[in-house]
Amino acid sequence: MKNELKIKLLGALLMVMTFSGCSKIATSVGLEVRPDQDIVVVCADTFLLDCENYEVPCISAQADTMVLGEFFSKTFGDTKAELLLQFAAPENYAFPDKSYKPEPDSLVLMMYYDSYFGSPYAPLEFSVYEINKNSINYSTRYSSDLNPGDFCDSTILMGKRVMTSVDLSPKDSAHLADDADLKYVRYKFDNSQCQRFFGILQNHPKITTDEFLNDFKGLYITTRYGSSTLLYMNQITMFMYYHYTYQRDGKDTTVSTSIVFPANHEVRQLNRFVHRDREQVVSSIPDSLLYIKSVAGIYPKLTIPVGKIYDRMRQRMDSSKYLAIAAAELRFENIDLDETDVWMNPPTYLMAVEESQFDDFIRHNQVPDGYETDRSLGLYSVSSNSYLFDLSFLLARRFREETILPDDKMTFIVLPVDVASSTSSSGATTINKIRPLVKLSAAKVRSAKNTNSPLRLKILYQGF
């Protein structure tokens, strides 16, 4: 009977979401004859959090989206993205024998992108250098703060061109397939580069990727001016066009063909991100605000006083009761961005991850194990212009530990993330992948020192 009553009372508790102080909940019938230990006590508390703007050193340099360009925001500062690329040789490709007199026609770099950030018409110059120092190691995990000078001394300039995000060049049917909306940057290398590249193939008629990387370590691509555009690349490929001749019916027959060298998962593509004025931006942020800027820019860092919260819960509860957290709500309230930042939009998802897990996540794309035990996702709501986090799992796990000292704290870093999910036939949604967001986004949220609406943690808990 006692357990049945508790189950009924807990069911009713789930419908009580906002109230103040502590309440004793029970049915009116028989309340006076039930012992105090059988009464479910429900309390609500609000706690302010210590918070700061954290300058993120880096994220993983390996990402599904390759970003190139530069963008400057008067509020959030400068962001520059550069690429270091390796290219794979075609598997089992047999180069024509010299008796067929193969001759090079052109060497072309194609950089395909599905979207861009910023101005569609602002000019951007990109420069392509050959990597001529250290090779990129496939088994090494690189960070986005890597130094291009470790791989390239920028002495072998393979080419450069000025471009814009739209109408970059005449459409080339050889690369369009059936997609008329495909966007790309096309660069044709000069004849000397073409001849050198062709010589590598002649020296290795059945070239492997390892042999190719020994002779051609890759490309370093950077921008030299322009601060209004970032391109989000989904594929980068080099094409070696050539022709050869053979005898057919006593006549010379010429065949024009090409070899494809893709930047794919068999080799490495590294993204470098630089925020040259970030320290100045952070120093100018008022105490009332926290800034959120991807990629690897500025993230809020929060400290939750778990010892203080636990003591407060115990003070308001009978020591004989079992404590349980019904809800722990943290809301990031955005403020509108300045009109000068017309391009900036808030990220769709934020993730609060414990500081102890943060480094593995951003450097190695390793999501903490367990659903919402080391992390919590917040989805942006357009209607409320805010993010809502449920930290009940995180706090409940911490309160299960044997010893909680008064000064114990939990520190979280909140960062923009890209979430890939799938929906089953039953309608259930499963998160398949979470990675740090590599596309530019930004938001301003109220801090704990904001006089209008301070950042605070609301906790609903019960004792039974």
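Each residue is numbered by its place in its chain's sequence as written, counting from 1. The model is predicted, so local features are restricted to residues of pLDDT at least 70 and side-chain atom pairs to those at 80 or more, both for listing and for counting; the totals for chains, interfaces and linings are taken over all residues. For the side-chain quantities, the full set of heavy atoms in the structure was used; hydrogens and water were omitted.

### What about the overall build of the protein?
For clarity, the cut-off: By the criteria applied, helices consist of DSSP H or I runs no shorter than four residues and strands consist of E runs no shorter than two, each listed in order from the N terminus. Contacts: residue pairs with any heavy atoms within 4.5 Å of one another. Methods summary: accessible areas were calculated by the Shrake-Rupley approach with a probe of 1.4 Å, and residue burial reflects only the protein chains presented.
Counting secondary structure elements, the protein contains eight helices and 23 strands. Looking at the protein alone, contacts between residues at least 24 apart form 78% of all its contacts between residues at least 6 apart. With an accessible surface of roughly 22700 Å², the protein has 47% of that area assigned to carbon and sulfur atoms.

### So, the pairing of strand β13 (residues 269-274)
Definition in use: Each residue is placed in one exposure class: buried if its accessible area under a 1.4 Å probe, protein chains only, is under 20% of its type's maximum, exposed if it is over 50%, and partly exposed if it falls in between. We call two strands paired when DSSP finds no fewer than two bridges between them.
The element β13 is largely enclosed, with a buried count of five among its six residues. Inspection of the sheet shows strand β5 (residues 77-85) paired to β13 by six bridges, in the antiparallel sense. When the sheet's bridge partners are listed, leucine 84 is paired in β13 with leucine 270.

### Side note on the environment of methionine 111
Considering the arrangement of structural elements, one finds methionine 111 in strand β6 (residues 103-118). For the pair methionine 111 and leucine 231, spaced 120 residues apart in sequence, the C-alpha separation works out to 9.7 Å. Beyond its immediate chain neighbours, meaning those up to four positions away, methionine 111 contacts Leu68, Phe126, Lys183, Tyr184, Val185, Ile221, Met233, Gln235 and Ile236.

### What to know about the nonpolar core
This is how the line gets drawn: Residues belong to one nonpolar core when they are buried, are Ala, Val, Leu, Ile, Met, Phe, Trp, Tyr or Cys, and are joined through side-chain atoms within 4.5 Å.
Ranked by size, the top nonpolar core spans 39 residues in total, and within it Phe87, Leu109, Ile221, Ile236, Met238 and Phe261 carry the most contacts. Among the elements that make up this core, the one with the highest residue count is strand β11 (residues 228-248) (seven residues). Among all residues touching isoleucine 221, those that are not within four sequence positions of it are Leu68, Glu82, Leu83, Leu85, Leu109, Met111, Phe126, Ser127 and Val128. By size, the runner-up hydrophobic cluster in this structure holds 35 residues, among which are Phe47, Val306, Leu350 and Ala352.

### Considerations on the side chain of lysine 293
Put simply, the rule reads: The convention is simple: Lys and Arg are positive, Asp and Glu are negative, and His and the chain ends are not counted. Salt bridges are defined by distance alone: a side-chain nitrogen of Lys or Arg within 4 Å of a carboxyl oxygen of Asp or Glu. Pairing of N or O atoms within 3.5 Å defines a polar contact, subject to two protein rules: one partner must be a possible hydrogen donor and the other a possible acceptor, and residues neighboring in sequence count only if both atoms are side-chain atoms.
Of note, lysine 293 is situated in strand β14 (residues 289-294). This buried residue, lysine 293, is left without a salt bridge; aspartate 277 holds the nearest opposite charge, at 5.5 Å. There is a polar contact of 3.0 Å between the side chain of lysine 293 and the backbone oxygen of phenylalanine 76. Here histidine 275 takes part through its side chain, which lies 3.2 Å from a polar atom of the side chain of lysine 293. Apart from the residues lying within four places of it in its own chain, the contact partners of lysine 293 are Phe76, Gly77, Asp78, Thr79, His275, Ile298, Tyr299, Leu440, Ser441 and Ala442.

### Quick look at the pairing of strand β10 (residues 219-225)
Across the seven residues of β10, five count as buried, placing the element largely inside the fold. In this structure, β5 lies alongside β10, joined through three bridges in antiparallel fashion. Of the residues in β10, the one forming a bridge with leucine 85 is leucine 219. Looking at chain direction, strand β7 (residues 124-130) and β10 are connected through six bridges and run antiparallel. Paired with glutamate 125 across the strands is tyrosine 225, a residue of β10.

### As for the environment of proline 120
Inspection of the secondary structure puts proline 120 in the loop between β6 and β7. A relative accessible area of 16% places proline 120 in the buried class. Expressed as a C-alpha distance, the spacing of proline 120 and threonine 229, which sit 109 residues apart in the sequence, is 7.4 Å. Contacts of proline 120, omitting those with residues within four sequence positions, involve Thr164, Ser165, Val166 and Trp343.

### Focus on the packing of helix α6 (residues 306-315) against helix α8 (residues 392-399)
Applied cut-off: All axes are obtained by fitting lines to C-alpha atoms, using only the stretch in contact for helices, and the reported angles, taken between N-to-C directions, cover 0 to 180 degrees. In this scheme, roughly parallel covers angles under 35 degrees and roughly antiparallel covers those over 145, while 65 to 115 is roughly perpendicular and the rest are oblique. Charged residues are taken to be Asp, Glu, Lys and Arg, nonpolar residues to be Ala, Val, Leu, Ile, Met, Phe, Trp, Tyr, Cys and Pro, and polar residues to be all remaining types, Gly included.
Their axes nearest at 11 Å, the elements α6 and α8 cross at an angle of 80 degrees. In terms of axis orientation, α6 runs roughly perpendicular to α8. Note on element contacts: α8 touches α6 through Leu395, Arg398 and Phe399, opposite Val306, Ile309, Tyr310 and Met313. Its residues assigned to classes, the contact of α6 with α8 comprises six nonpolar, no polar and one charged.

### Overview of the packing of aromatic side chains
Formally: To pair, rings of Phe, Tyr and Trp, with the six-membered ring standing in for Trp, must have centres within 6.5 Å; the planes then decide the type, stacked if under 30 degrees apart, edge-to-face if over 60, and tilted in the middle. Only when the NZ of Lys or the CZ of Arg is both within 6 Å of the ring centre and within 35 degrees of the ring normal is a charge said to sit over the ring.
Across all of its chains, the model carries 23 aromatic pairs by this definition. Both rings, one in phenylalanine 197 and one in phenylalanine 212, keep their centres 5.6 Å apart while their planes meet at 75 degrees; by these two values the pair is edge-to-face. Taken together, the residues span a long stretch of sequence, with phenylalanine 197 in helix α3 (residues 191-203) and phenylalanine 212 in helix α4 (residues 209-215) at a distance of 15 residues. Judged by relative accessible area, phenylalanine 212 falls into the buried class, the value being 0%. Joined through ring pairs, the aromatic side chains of Phe95, Tyr100, Phe198, Tyr242 and Tyr244 make up one cluster. Its guanidinium or amino end placed over the ring of tyrosine 138, arginine 268 lies 5.3 Å from that ring's centre, counting from NZ or CZ.

### Quick notes on the confidence of the model for the protein
Stated precisely, the cut-off is as follows: Values of pLDDT, which run from 0 to 100, indicate the predictor's confidence residue by residue.
Scored by pLDDT, the protein has a mean of 86; 86% of the residues are at 70 or more. With pLDDT under 50 throughout, residues 1-20 is counted as low confidence; its partners more than four residues away or in other chains account for 20 contacts. Segment residues 24-34 is flagged for pLDDT under 50; beyond a separation of four residues in sequence, or across chains, it makes 13 contacts in the model.

### Thoughts on the pattern of salt bridges
Taken as a whole, this structure holds 16 salt bridges when the rule is applied. In this structure, lysine 80 engages glutamate 82 in a salt bridge whose closest nitrogen and oxygen atoms are separated by 3.8 Å. Residue glutamate 82 is classed as buried on the basis of its relative accessible area of 3%. In this structure, a network of salt bridges that share partners links the residues Asp45, Arg312 and Arg316.

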